[in-house]
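Breakdown of the fold
This is what each chain is made of:
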Amino acid sequence: MAGEKAERRPRAETPKGFRDYFGADVTERKAMLDAIAAVYHRHGFDPLETSAVETVEALGKFLPDVDRPNAGVFGWQEEDGDWLALRYDLTAPLARVAAQYRNDLPSPYRRYAMGPVWRNEKPGPGRFRQFYQCDADTVGSASVAADAEICAMLADALEAVGIPRGDYVVRVNNRKVLNGVMEVAGVLDPADPAKFAHERGIVLRAIDKLDRLGTEGVRALLGEGRRDESGDFTKGAGLGEEQAGIVMGFMAAKRDTGAETVARLRILAGPSALGVEGVDELETIASLLAAQGYGSDRIVIDPSVVRGLGYYTGPVFEAELTFTIPDEKGRPRQFGSVAGGGRYDDLVKRFTGQSVPATGVSIGVDRLLAALRAKGRSAGDSAGPVVVTVMDRDRMADYMAMATELRGAGLRAEVYLGNPKNFGNQLKYADKRASPVAVIQGSSEAEKGTVILKDLILGAKIAAGASLEEWKQRPAQVEVPRAGLVAAVRQMLA
């Protein structure tokens, strides 16, 4: 009908804050997670997969600035009135599982989980609304030996994926110590824990941003607030000068050795029984790790670690990569944190009414993978498949038989399934697939019982400017007997 508007086509674009993962991304991530899972498995942890969707009630209100049921998470309301949401981490679902299956699970229950999580937050450079996490937790043990084990296991996992000692440090603190310091500063009342809860939340989040905001930015958030470069104002905790000074002193308590740091913390938290208890736990963790050979080159006591989420109740830890990478302006900067966690003894209690101690750690998968790539240490084979080209449409069965033979020998292989008319397009396709070898057999090679193998890696090296002298002993292509296809491909790949 004249005048009717054409149907609007949908835009082919990823939603803001989300991304797509292609072949090498998925392959490298899987290899990295497999290496981490092997470490967790050796420590006696079992795998667990939970639903991506939880009730908002089960998730709890632990994300910052949660004033309504679905703020901070992707949530929706069911017809029966219940609110559901995509999980924002893997810890809250574990608490639900531990409560739901408490009569069937061993105690302590040790599990690891890997998968995507979702947060309804403002996206930015490198900050996505969907990302992968890799967690390991022990539920049911109040012993700080469980916290020490998590820290040791985290160090082992980083080394297993290719981060050597000297390029990372696991930093350990205790929220009890910080709470003791806040008690001394007058923003925590042991007789009324709910009092000053809002102010304490701001203090925790401010300290957690020390590496990004610096001491001046944190000090501003402890006071009246801070205005960022864009002009946005963040309201502070409203602490007085003396109160803020006590908290800042706590953040600066790190000394050259763990023993000296613990001694300084004892002085700062001394008037608080809770603070002294936290210092004792840190001292025990340090001694347990030292007995296993985990020295200060791998794990250190650091009071600046607090972790932003509100459910931590004791030891907290963070893994930081210490090597430098260039920023967008070419300036060197440290890569920063790739993992964090701590003790959360009250999370399962929300479901059962009974205290259930728990501790765990979460690795930021995308950040760790980015770090490995930055250092040229990404795990996994990202090479494409061997491509069997098609020179004669009527001989497709022969080409597919070649690919099947290569696969049967454990090699990645595929037959070109596009329009075979232009052979150059087939090689361009192989380049896009990052194929190491192209297999070619025209009618003349078929009559002779041979195939041609084209070395695409050599071609890429030469195209990238590699010295021809360096590669002159390596032929760009060879003709080999058809019966020796697998052996010849293996040799070229080697």
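Here the structure is shown first, and the text comes after it.
Described in the following lines is the structure provided in the data block. (Residues numbered from 1 in each chain as written. Predicted model: local features only at pLDDT ≥ 70, side-chain atom pairs only at ≥ 80, totals over all residues. Heavy atoms only, no water.)

This part takes up the sheet that holds strand S16 (residues 437–440). The 5 strands are arranged S15-S14-S16-S17-S18 in an open sheet whose pairing can be described as mixed. Strand pairing shows two members of the sheet lacking a second neighbour, strand S15 (413–415) and strand S18 (477–481), which therefore form its edges. The sheet shows a mean angle of 25° between the axes of neighbouring strands, taken without regard to direction. Of the strand pairs in this sheet, strand S14 (residues 386–388) and S15 are connected by 3 bridges, and their pairing is parallel. If you follow Val 388 over to S15, its bridge partner there is Val 415. (Pairing = 2+ DSSP bridges. Helix = DSSP H or I, 4+ residues; strand = E, 2+ residues; numbered from the N terminus. Axes fitted to C-alpha atoms, helices over the stretch in contact; angles between N-to-C directions.)

Moving on, we come to the nonpolar core. If you look at the biggest cluster of nonpolar residues, it comprises 77 residues, and the most contacted ones within it are Ile 36, Tyr 40, Ile 163, Val 170, Leu 222 and Leu 368. Sequence-distant contacts of Ile 163, that is, excluding residues within four places in its chain, are made with Leu 158, Tyr 168, Leu 321, Phe 323, Leu 368, Leu 372 and Arg 377. (Core = buried A, V, L, I, M, F, W, Y, C linked by side-chain atoms within 4.5 Å. Buried < 20%, exposed > 50% of the residue type's maximum accessible area, 1.4 Å probe, protein only. Contact = heavy atoms within 4.5 Å.)

The next point concerns the packing of aromatic side chains. Scanning the model with the defined rule gives 5 aromatic pairs in all. The interplanar angle of 45° and the centroid separation of 6.0 Å between the aromatic rings of Phe 18 and Phe 74 together place this pair among those described as tilted. With Phe 18 in the segment before helix H1 (23–42) and Phe 74 in the loop between helix H2 (56–59) and strand S3 (75–77), this pair connects stretches of sequence that are 56 residues apart. You can call Phe 74 partly exposed: its relative accessible area is 22%. Here Tyr 21 and Tyr 132 contribute two aromatic rings whose centre-to-centre distance is 6.4 Å and whose plane-to-plane angle is 80°, an arrangement assigned as edge-to-face. Of this pair, Tyr 21 sits in the segment before H1 while Tyr 132 sits in strand S6 (residues 130–139); the two residues are 111 residues apart in sequence, bridging distant segments of the chain. By relative accessible area, Tyr 132 is classed as buried at 19%. Of note, Arg 19 hangs over the ring of Phe 128, and the distance from its end group to the ring centre comes to 5.8 Å. Over the face of the ring belonging to Phe 351 we find Arg 350, whose NZ or CZ atom lies 5.2 Å from the ring centre. (Phe/Tyr/Trp six-rings, centres within 6.5 Å; stacked < 30°, edge-to-face > 60°. Lys NZ or Arg CZ within 6 Å of the ring centre and 35° of its normal.)

Turning to the pairing of strand S13 (residues 358–364), a few remarks are in order. Across the 7 residues that make up S13, a large majority, 6, are buried. Bridge count between strand S12 (residues 332–343) and S13: 5 bridges; the pairing is antiparallel. Paired with Ala 339 across the two strands is Ile 363, which belongs to S13.

Another aspect to go through is the side chain of Thr 450. Mapped onto the secondary structure, Thr 450 falls in strand S17 (residues 450–455). The buried category is assigned to Thr 450, whose relative accessible area is 12%. Apart from the residues within four sequence positions on either side, Thr 450 is in contact with Gln 441, Glu 445, Glu 479, Val 480, Pro 481 and Arg 482.

Turning our attention to a negative patch on the surface. Together, Glu 57, Glu 78, Glu 79, Asp 80 and Asp 82 line one region of the surface with negative charge. Take Asp 80: its relative accessible area is 59%, and that puts it in the exposed class. (Patch = residues over 30% accessible without salt bridge, like charges linked within 9 Å, V, L, I, M, F, W, Y side chains within 5 Å. Areas by Shrake-Rupley, 256 points an atom, 1.4 Å probe, with all protein chains shown as cover. Salt bridge = Lys/Arg side-chain N within 4 Å of Asp/Glu carboxyl O. Lys, Arg positive; Asp, Glu negative; His and termini not counted. Charge placed at Lys NZ, Arg CZ, Asp CG, Glu CD.)

All right, on to the packing of helix H9 (residues 258–269) against helix H10 (residues 273–291) then. The N-to-C vectors of H9 and H10 enclose an angle of 170°; their axes lie 9 Å apart at closest approach. Regarding the angle of H9 to H10, the classification is roughly antiparallel. For the pair formed by H9 and H10, the contact residues are Val 262, Leu 265, Arg 266 and Ala 269 on the first element and Gly 275, Val 276, Val 279, Asp 280, Leu 282 and Glu 283 on the second. When grouped by side-chain class, the residues that make up the contact of H9 with H10 number 6 nonpolar, 1 polar and 3 charged. (Parallel < 35°, antiparallel > 145°, perpendicular 65-115°, else oblique. Nonpolar A, V, L, I, M, F, W, Y, C, P; charged D, E, K, R; others polar.)

Here the focus is unusual backbone geometry. Ser 107 connects to Pro 108 through a cis peptide bond whose omega is 5°. Position of Pro 108 relative to the elements: it lies in the loop between helix H3 (91–100) and strand S5 (109–118). One non-glycine residue, Phe 196, lies in positive phi territory at about 65°. For Phe 196, the location among the structural elements is in the loop between helix H5 (175–185) and helix H6 (197–208). Residue Phe 196 is classed as partly exposed on the basis of its relative accessible area, which comes to 28%. Unusually for a residue other than glycine, Ala 434 sits at a positive phi of about 55°. By the secondary structure assignment, Ala 434 is in the loop between helix H14 (423–432) and S16.

When we look at burial in helix H18 (residues 485–493), the residues that qualify are Leu 485, Val 486, Ala 488, Val 489 and Met 492. Summarising the axial view, the buried residues of H18 lie within an arc of 165°, below the 170-degree limit, and thus occupy one face. Opposite the buried face of H18, by more than 90 degrees, sit the exposed residues Ala 487 and Gln 491. Where the residues of H18 are buried, they touch S14, helix H13 (396–408), S16, S17 and S18. (Arc of directions from axis to C-beta.)

Next up on the list: the pattern of salt bridges. Counted according to the given criterion, the structure contains 25 salt bridges. Put simply, Glu 159 and Arg 165 hold a salt bridge, and the shortest N to O gap is 2.9 Å. Residue classification places Glu 159 among the partly exposed residues on the basis of a relative accessible area of 26%. Each of Arg 19, Asp 25, Glu 28 and Arg 373 takes part in a single network of salt bridges with overlapping partners.

With that settled, consider the sheet that holds strand S4 (residues 83–86). On the basis of which strands lie adjacent, the open sheet formed by 3 strands has the order S2-S4-S3 and antiparallel pairing. If you trace the sheet from one side to the other, it starts and ends with strand S2 (53–55) and S3, each paired once. Here the average twist between neighbouring strands, direction ignored, is 30°. In the sheet, S3 pairs with S4 via 3 bridges, with the strands oriented antiparallel. Among the inter-strand pairings, Trp 76 is bridged to a residue of S4, identified as Leu 84.

The next thing to look at is H6. Three or four residues apart is the spacing at which side chains of an α-helix point the same way, because the helix has 3.6 residues per turn. Compared with the 16 Å implied by 1.5 Å per residue over 12 residues, the 17 Å span of H6 between its first and last C-alpha is a close match. Within the sequence span of H6, burial applies to Arg 200, Gly 201, Ile 202, Val 203, Leu 204, Ala 206 and Ile 207. Residues of H6 that are buried in the fold lie against H5, helix H7 (210–222), strand S9 (233–235) and helix H8 (241–251). (Expected span 1.5 Å × (residues − 1).)

The topology assignment puts Glu 281 in helix H10. Of the residues examined, Glu 281 reaches a relative accessible area of 15% and is grouped as buried.

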